[in-house]
Amino acid sequence: MPVVEEPHLHRLTVSFAGSAASPDQFPRDGLPEVAFLGRSNVGKSSLLNALAGAPGMARVSSTPGRTRLVNFFRVGSELYLADLPGYGYAEVPDQVRRSWDRLATSYLLGRDPLALCVLVVDARQEPSAGDETLRTWLDHHRLPYVVAATKADKLGRGATKARLADLEHGLGRQARGVMAVSAETGEGLGPLWRTVRAAAAGRRED
Ligand SMILES: Nc1nc2c(ncn2[C@@H]2O[C@H](COP(=O)(O)OP(=O)(O)OP(=O)(O)O)[C@@H](O)[C@H]2O)c(=O)[nH]1
Ligand SMILES: [Mg+2]
């Protein structure tokens, strides 16, 4: 698999802007936000770090359920990237799951600065029931999203193409775009970053 070098983040400083356990802790300055959503352990935090060009900024773990708060990262004076807790991890107690759901829902609904959601799925797997539920919910609430199939470094070119075609007809049929990405090789980060920035710029002009 060729490594695609895409220097996509020139001269923008990215910094951790805080964690929120409830809506009163979300940022207040009104900058547009782009949220990363997906199954637990799918690679949301890794993708965010790779996009930001800041390894280790958002915590990455081989233990599912690592991200339990909404973590915000400020990109220059342009936008926030919001790293949301993952869903669908079977081992968590119901009470913990409910508090995650509540936090994610309180973020996604009525969050005025939210410009775009990035629905992160594993390029090697069929979308999960949780992915389908989230997609239906995003469509219902008319929240704009793209589907990013990550860990594409684990797949050959042909298999990646086939997965993208499946996603375009399935999970991502109402999405603004479907793309293959890898936090490992940087594949697809340029197009994803341009989409993120364009959505944020569009929101600022509203
Ligand atoms: N090969 C490969 N591994 C990846 C990639 N992205 C993430 N991983 C690995 O997948 C595991 C989970 O990554 P995280 O970024 O913590 O996943 P997450 O979705 O933020 O997980 P939660 O916060 O628990 O919901 C880690 O072991 C990562 O190293 C990728 O693009 N390629
Ligand atoms: Mg995470």
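Residues numbered from 1 in each chain as written. Chains lettered and ligands numbered in written order. Predicted model: local features only at pLDDT ≥ 70, side-chain atom pairs only at ≥ 80, totals over all residues. Heavy atoms only, no water.

Details of the pattern of salt bridges
Here is the rule: We count a salt bridge whenever a side-chain nitrogen from Lys or Arg sits within 4 Å of a carboxyl oxygen from Asp or Glu. Secondary structure counts use DSSP, requiring at least four H or I residues in a row for a helix and at least two E residues in a row for a strand, with both numbered from the N terminus. Throughout, exposure labels follow a simple rule: accessible area from a 1.4 Å probe, protein chains only, divided by the maximum for the residue type, with under 20% read as buried, over 50% as exposed, and the rest as partly exposed.
Considering all chains together, one arrives at seven salt bridges under this definition. Note that Glu33 is salt-bridged to Arg111, the shortest N-O span being 2.7 Å. Here Glu33, found in strand β2 (residues 33–38), pairs with Arg111, found in the loop between α2 (94–108) and β5 (114–122); they are 78 residues apart in sequence, far enough to count as distant. Taken individually, Glu33 and Arg111 each receive the classification buried, so the pair is uniform in this respect. Among the ionic pairs, Arg135 bridges to Asp139, the shortest N-O distance being 2.6 Å. Remark: Asp139 and Arg135 occur in helix α3 (residues 129–140); sequence separation between them is four residues, near one turn of the helix. We classify Arg135 as buried; its relative accessible area is 9%. One connected set of salt bridges, linked through shared partners, spans Glu132, Arg135 and Asp139.

Points about the pairing of β2
The side chains of a regular strand alternate, residue by residue, between the two faces of the sheet. Going by this rule: Strands pair, by our definition, only if DSSP identifies at least two bridges between them.
Of all six residues making up β2, six are buried, and the element is well covered by its neighbours. The two faces of β2 match: Glu33, Ala35 and Leu37 on one face and Val34, Phe36 and Gly38 on the other face are all buried. Pairing between β2 and β5: six bridges, direction parallel. Bridging from a neighbouring strand, Ala35 pairs with Cys117 of β5.

Some thoughts on helix α5 (residues 189–205)
Put simply, the rule reads: One less than the number of residues in a helix, times 1.5 Å, gives the span that helix is expected to have.
Here α5 contains 17 residues, and its C-alpha end-to-end distance of 24 Å stays within 8% of the 24 Å for a straight helix at 1.5 Å per residue. Among all positions of α5, only Leu189, Gly190, Leu192, Trp193, Val196, Ala199 and Ala200 are buried.

Some details on the sheet that holds β2
In a beta sheet, neighbouring strands pair by backbone hydrogen bonds and run either parallel or antiparallel. Cut-off, in case you're wondering: Axis lines are fitted to C-alpha atoms, over the contacting stretch for helices. Their N-to-C directions set the angle, which ranges from 0 to 180 degrees. Working rule for contacts: check all heavy atoms of both residues, and any pair within 4.5 Å makes them a contact.
Strand order in this open sheet of seven strands is β1-β3-β4-β2-β5-β6-β7, and the pairing throughout is mixed. Either end of the sheet is taken by a strand with one partner, and the two such strands are β1 (14–20) and β7 (178–180). For this sheet the average axis-to-axis angle between neighbouring strands, irrespective of direction, equals 25 degrees. As judged from the four bridges shared by β2 and strand β4 (residues 79–83), these two strands associate in the parallel manner. Directly across from Glu33, in β4, lies its bridge partner Tyr80. Helix-sheet contacts for α3 involve β2, β5 and β6 (145–150), and the interaxial angle to β5 is about 160 degrees.

Considering the packing of aromatic side chains
Quick reminder of the rule: Two aromatic rings from Phe, Tyr or Trp, using only the six-membered ring of Trp, form a pair when their centres are within 6.5 Å; if the ring planes differ by under 30 degrees the pair is stacked, by over 60 it is edge-to-face, and anything between is tilted.
This structure, assessed with the given rule, holds five aromatic pairs. Ring centres of Phe26 and Tyr107 lie 5.3 Å apart, and the angle between their planes is 85 degrees; this geometry places the pair in the edge-to-face category. Of this pair, Phe26 sits in the loop between β1 and β2 while Tyr107 is found in helix α2, placing the two residues 81 residues apart along the sequence. Look at Phe72 and Tyr80: their rings are 6.2 Å apart centre to centre, the planes differ by 80 degrees, and that puts the pair in the edge-to-face class. Each of the two residues, Phe72 as well as Tyr80, counts as buried. Through successive ring pairs, a cluster of aromatic residues spans Phe26, Phe72, Tyr80 and Tyr107.

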